[in-house]
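Structure at a glance
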Amino acid sequence: MAPLIAVVEISRRLLHGDTDVWPIIVVALAALAVKQLGTFGAGVLTHLADIRVSFRIRRELLAKLRRLPLGWFTDRNSGIVKKTVEDDVAALHQLIAHSVVEVTAAAVPVVVAIGYLLAVDWRMALISLVPLVAGLVVYQRAMAGAGTKYPEFMAWLTRLSGAAVEFVNGIGVVKAFGTPGWPAAASRRCPEISPASSSTGRGRRPGPRSSRRSCCRRRACSSSWWARAAPSPPPGGCR
């Protein structure tokens, strides 16, 4: 707020014919430099505090998990453990490293501006408070249902984290064995690649041209992962 107050004071002096405005400019620049250095120093301190707190919490959680019986892990999926140790602790970063600095940076200019306006003209200060009060009322009404929705959001987030971890852990199994119904669905979509219909004759092995033609039909017909994972066409292309 120092540069804005300096602009007002400089304008007031110039309107009264006083051109000695350099002291005000120097004070405004010094205040701006102190503000920037203070913000930077506060950010460094809060981030260092966040690192120490997060490290201590994760270490204590892992020490606690190490003493739990194996049945506790059997009853729960790995996503819950991952969310507790990683996501929940990482969510503290905003609270510890940013909230104090951001709330201070947002509140101090408002308080200083209202105090300055009260010193200049109390009627102007009261009029300036109307948008602030209206914004607080609208925000409170908009966030009225957050208290009931937030626990539901956290529960679904836990389920999503667990499903994601289980999916990643099961990719190897899916690639090796597939999932139930995929080959049958691919055969229904492309009957010409099924074992019964892909043969070229009774008791005869398919020739090179028939093999290439069947392979190309298989790659062109189905867009599923199972079909895309099929071997590439033999050398020579499709004819």
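Quick note: structure is the one above.
Because the structure is a prediction, the values reported are computed rather than measured. Starting from 1, residues in each chain are numbered consecutively following that chain's sequence as written. Restriction of local features to residues with pLDDT of at least 70 applies here, the model being predicted, together with a cutoff of 80 or more for giving and counting side-chain atom pairs; totals for whole chains, interfaces and linings are based on all residues. Values reported for side chains reflect all heavy atoms of the structure, with hydrogen atoms and water molecules removed beforehand.

Some details on the packing of helix α1 (residues 2-15) against helix α2 (residues 22-67)
Two packed helices can be described by the angle between their axes and the distance between those axes. Threshold: Convention adopted: a line fitted to C-alpha atoms gives each axis, helices being fitted over their contacting stretch, and angles between N-to-C directions are expressed from 0 to 180 degrees. Secondary structure elements follow DSSP: runs of H or I no shorter than four residues count as helices, runs of E no shorter than two count as strands, and numbering proceeds from the N terminus. When an angle is under 35 degrees it counts as roughly parallel; over 145 it counts as roughly antiparallel; between 65 and 115 it counts as roughly perpendicular; any other value is oblique. Here a residue-residue contact requires only that any non-hydrogen atoms of the pair lie within 4.5 Å.
It is at 9 Å that the axes of α1 and α2 come closest, and there the two elements cross at 175°. When the interaxial angle is binned, α1 and α2 end up roughly antiparallel. Touching Ala2, Pro3, Ala6, Glu9, Ile10 and Arg13 of α1 are Ile24, Ile25, Ala28, Ala31 and Leu32, all from α2.

Some thoughts on the nonpolar core
As a reminder, the rule being used: Nonpolar core, defined: a set of buried Ala, Val, Leu, Ile, Met, Phe, Trp, Tyr and Cys residues in which side-chain atoms within 4.5 Å join the residues together. Note on exposure labels: buried denotes an accessible area under 20% of the residue type's maximum, exposed denotes more than 50%, and partly exposed covers the range between, all computed with a 1.4 Å probe on protein chains only.
Formed by Ala6, Ile10, Val21, Ile24 and Ala28, the largest nonpolar core amounts to 5 residues. Those elements giving two or more residues to this core turn out to be α1 and α2.

What to know about the side chain of threonine 46
With respect to the helices and strands, threonine 46 occurs in helix α2. Apart from residues lying up to four places away in sequence, threonine 46 is in contact with Ile96, Ala97 and Val101.

Notes on the pattern of salt bridges
Our working definition: In the sections that follow, a salt bridge refers to a side-chain nitrogen of Lys or Arg positioned within 4 Å of a carboxyl oxygen of Asp or Glu.
One pass over the structure, following the stated rule, counts 3 salt bridges. For the salt bridge of arginine 12 with glutamate 9, the shortest nitrogen-to-oxygen distance reads 3.7 Å. Of this pair, arginine 12 and glutamate 9 both sit in helix α1, separated by 3 residues, roughly a single helical turn. Here glutamate 9 falls in the partly exposed class, since its relative accessible area comes to 23%. In this structure, arginine 123 and aspartate 121 form a salt bridge, with 3.6 Å as the shortest nitrogen-oxygen distance. Under the relative-accessibility criterion, arginine 123 is labelled partly exposed at 48%. The exposure class assigned to aspartate 121 is partly exposed, which follows from its relative accessible area of 23%.

Here's the deal with the packing of α2 against helix α5 (residues 92-120)
Selection rule: For any helix crossing, the convention is left-handed if the near helix is rotated counterclockwise from the far helix by under a right angle, and right-handed if that rotation is clockwise. Amino acids are sorted into nonpolar (Ala, Val, Leu, Ile, Met, Phe, Trp, Tyr, Cys and Pro), charged (Asp, Glu, Lys and Arg) and polar (every other residue, Gly among them).
The N-to-C vectors of α2 and α5 enclose an angle of 160°; their axes lie 8 Å apart at closest approach. In this view, α2 runs roughly antiparallel relative to α5, as classed from their interaxial angle. The crossing of α2 and α5 is right-handed. Listed contacts from α5 to Thr39, Ala42, Gly43, Thr46, His47, Ala49, Asp50, Val53 and Ile57 of α2 are Leu92, His93, Ile96, Ala97, His98 and Val101. In terms of residue class, the contact of α2 with α5 is made up of 8 nonpolar, 6 polar and 1 charged.

Side note on the side chain of serine 54
Our working definition: Whenever two N or O atoms come within 3.5 Å, that pair is a polar contact, provided that in protein one can donate a hydrogen and the other can accept it, and provided that, for residues adjacent in sequence, both atoms are side-chain atoms.
Checked against the element boundaries, serine 54 lands in helix α2. When its relative accessible area of 9% is taken as the criterion, serine 54 is described as buried. From its side chain, serine 54 meets the backbone oxygen of aspartate 50 in a polar contact 2.9 Å long.

Comments concerning the environment of tryptophan 22
As for its position among the elements, tryptophan 22 is in helix α2. Judged by its relative accessible area of 60%, tryptophan 22 falls in the exposed class. Remark: the alpha-carbon pair of tryptophan 22 and isoleucine 10, spanning 12 residues in sequence, is separated by 9.0 Å.

Quick look at helix α6 (residues 122-142)
Note the threshold: Given a helix with a known number of residues, its expected span is that number minus one, times 1.5 Å.
The terminal C-alpha atoms of α6 lie 31 Å apart, and with 21 residues this matches the ideal 30 Å at 1.5 Å per residue to within 8%. Its side-chain oxygen placed 3.1 Å from the backbone nitrogen of arginine 123, aspartate 121 serves as the N-cap of α6.

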